[in-house]
Amino acid sequence: MKKNTLLVTGGRDRETFDFVNPPLTRGSTVLHESVADMRERVRRRNAGDDGEPVAYGIYGTPTHQAFYEALTALEGGHRSWALPSGLAACTMAILAYVQQGDHVLVPDSVYWPTRRFCRDTLPRYGVSTTFYDPRAGAEIERHFTPTTRVLFLESPGSLTFEMQDVPLLASIARRRDAFSVIDNTWATPLYFQPLKVGVDVSVHAATKYIGGHSDLLMGTLTCNERAWPRMRETLHHYGLTTSPDDCYVALRGLRSMAARLAQHRATAEKLIAWLKQQPEVERVLYPADPDDPGHALWKRDMSGASGLFGVALKPGPSERAFHAFIDGMRLFGRGYSWGGFESLLIPMSPERTVVPLPYKGWLFRISAGLEDADDLIDDLGAGFARLRAQA
Ligand SMILES: Cc1ncc(COP(=O)(O)O)c(C=O)c1O
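Residues numbered from 1 in each chain as written. Predicted model: local features only at pLDDT ≥ 70, side-chain atom pairs only at ≥ 80, totals over all residues. Heavy atoms only, no water.

### As for the overall build of the chain
- Regarding its fold elements, the chain presents 13 helices and 11 strands.
- Rg of the C-alpha trace for the chain: 22 Å, near the compact-globule value of 21 Å for 391 residues, within the 12% margin.
- Projected onto the principal axes, the alpha-carbon positions of the chain cover approximately 80 × 50 × 35 Å.
- Within the chain, the proportion of its 391 residues that are buried is 56%.
- Of the contacts made within the chain by residues no fewer than 6 positions apart, 75% connect residues no fewer than 24 positions apart.
- Element-wise, carbon and sulfur atoms account for 53% of the exposed surface of the chain, whose accessible area totals about 16800 Å².
- Averaging the coordinates of the 44 positive side-chain charges in the chain and doing the same for the 45 negative ones gives two points 2 Å apart. (Helix = DSSP H or I, 4+ residues; strand = E, 2+ residues; numbered from the N terminus. Rg over C-alpha atoms; globule rule 2.2 N^0.38 Å. Buried < 20%, exposed > 50% of the residue type's maximum accessible area, 1.4 Å probe, protein only. Contact = heavy atoms within 4.5 Å. Areas by Shrake-Rupley, 256 points an atom, 1.4 Å probe, with all protein chains shown as cover. Lys, Arg positive; Asp, Glu negative; His and termini not counted. Charge placed at Lys NZ, Arg CZ, Asp CG, Glu CD.)

So, in structure tokens, the structure goes:
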């Protein structure tokens, strides 16, 4: 089946569902027929069987299972799981594969809270991190040590949108006996299936496009067969799950994601075409744009693009002018998330410790929402007028 069909049908082929949508089952306790039944369910679970019926709510209700099935089919993976935030999924995807004395590789362009976790928290467990140039190809080899257990990727990178050579990096990680993990939030499971090119774990902040309505906080993990046993053990031992209500909302989000994403991208492209004509704009950071340095990799690996992009201004405007540009926006909200129906515009100050950023002027990021693109352009136009007035 094509991916758009999987989005609509995934997790629905269950004999027990009369309605289109799965039941919203809230539950901790599961009742068993007999002692033999109790023992059998626990035995199956301990033997690695993730199927139903489960022995306890922490292993997932039918609502969880419906969402997991849909996501696993989209990603072409073995098993999926949901956690209370995208950040929790990023950090657990690392923790699952490391122990004291290990080393992880993380791109310099990574989502800042993931950087903070690697920098401040992993050392408490005796795990060290090397940040690497996100544009590294085969030369990533020189950063591997005998204790490197995780190669983390985020493509395109948070805020600055560097594309990574995912198949190459994943193959190197595999050869070096490390697990490769990718934050795949920007591309969504619709436009990129990293497991199909050799990555072991695909992570999403389902908070963004999967939820799509700015009313959900959730992270997801999809593993291949190699990565699942350690992940499964870690999730169960830490006792990590999420609410069935959230899984229901996330599954509902998947159903309309293709239609939303097509509109997000169409609007992003209209805004980008307009922005490129503004004399203050140095460059737009969006791998689907033919002028972007990551365009060739994007074209090779991804089948579409979402509506999140960055803008680098030329040096010149004062801080006051830049704030006036952002503060006066009427349609673009000032909010730290993205992927919802509402447009957002935020200033960016990315932290880099390996490769200094080439941009000398102000940076901002736009999440193109579902409003009419012409209205959004009017809002941006008024913003540039404020920027010029301050100058
Ligand atoms: C690339 C990326 N990964 C992960 C996350 C974390 O998601 P959440 O906000 O659900 O913790 C974010 C959130 O902004 C993000 O931008």
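Structure's up, so let's keep going.
### Some points on the domain arrangement of the chain
- Under the domain assignment, the chain is made up of domain 1 (3–26 + 61–255) and domain 2 (258–390).
- Centre-to-centre separation of domain 1 and domain 2, based on C-alpha positions: 26 Å.
- Carbon and sulfur atoms make up 60% of the area that domain 1 and domain 2 hide from each other, which totals about 3300 Å².
- On inspection of domain 1 and its partner domain 2, the count reaches three salt bridges.
- Residue glutamate 351 pairs with arginine 119 through a salt bridge whose shortest N-O separation is 3.5 Å.
- On inspection of domain 1 and its partner domain 2, the count reaches 23 residue pairs in polar contact (both at pLDDT 80 or more).
- Elements represented by at least two residues in the side of domain 1 that touches domain 2 include exactly helix H1 (3–9), helix H5 (112–121), strand E3 (128–132), helix H6 (166–175) and helix H7 (188–191).
- In terms of residue class, the side of domain 1 that touches domain 2 is built from 18 nonpolar, 14 polar and nine charged. (Domains from an automatic or database assignment. Buried area = accessible area lost by both parts, 1.4 Å probe. Salt bridge = Lys/Arg side-chain N within 4 Å of Asp/Glu carboxyl O. Polar contact = N/O pair within 3.5 Å; in protein donor to acceptor, adjacent residues only side chain to side chain. Nonpolar A, V, L, I, M, F, W, Y, C, P; charged D, E, K, R; others polar.)

### So, unusual backbone geometry
- For the peptide bond that leads from glutamate 52 to proline 53, omega is 0°, which places it in the cis range.
- With omega at -5°, the peptide bond leading from serine 155 into proline 156 counts as cis.
- Look at leucine 159: it is not a glycine, yet its phi comes out positive at around 75°.
- Tracing the sequence through the fold places leucine 159 in the loop between strand E4 (148–154) and H6.

### Looking at the site of the ligand
- Lining the immediate environment of the ligand, one finds Ser85, Gly86, Leu87, Tyr111, Glu154, Ser158, Asp183, Ala205, Thr207, Lys208, Leu217 and Trp338.
- Here an oxygen atom of the ligand sits 2.7 Å away from a polar atom, N or O, in the main chain of glycine 86.
- The backbone of leucine 87 places a nitrogen or oxygen atom 2.9 Å from an oxygen atom of the ligand.
- Compared with its free state, where it exposes 390 Å², the ligand has 90% of that area covered by protein. (Near = heavy atom within 4 Å.)

### Section: the packing of helix H4 (residues 86–95) against helix H8 (residues 228–238)
- At a closest axis distance of 9 Å, the pairing of H4 and H8 adopts a crossing angle of 115°. Here H4 runs over H8; the crossing is right-handed. Contact residues: Met92, Ala93 and Leu95 in H4; Met231, Thr234 and Tyr238 in H8.
- Looking at the contact of H4 with H8 residue by residue, the class counts come to five nonpolar, one polar and no charged. (Axes fitted to C-alpha atoms, helices over the stretch in contact; angles between N-to-C directions. Left-handed = near helix turned anticlockwise from the far one by under 90°.)

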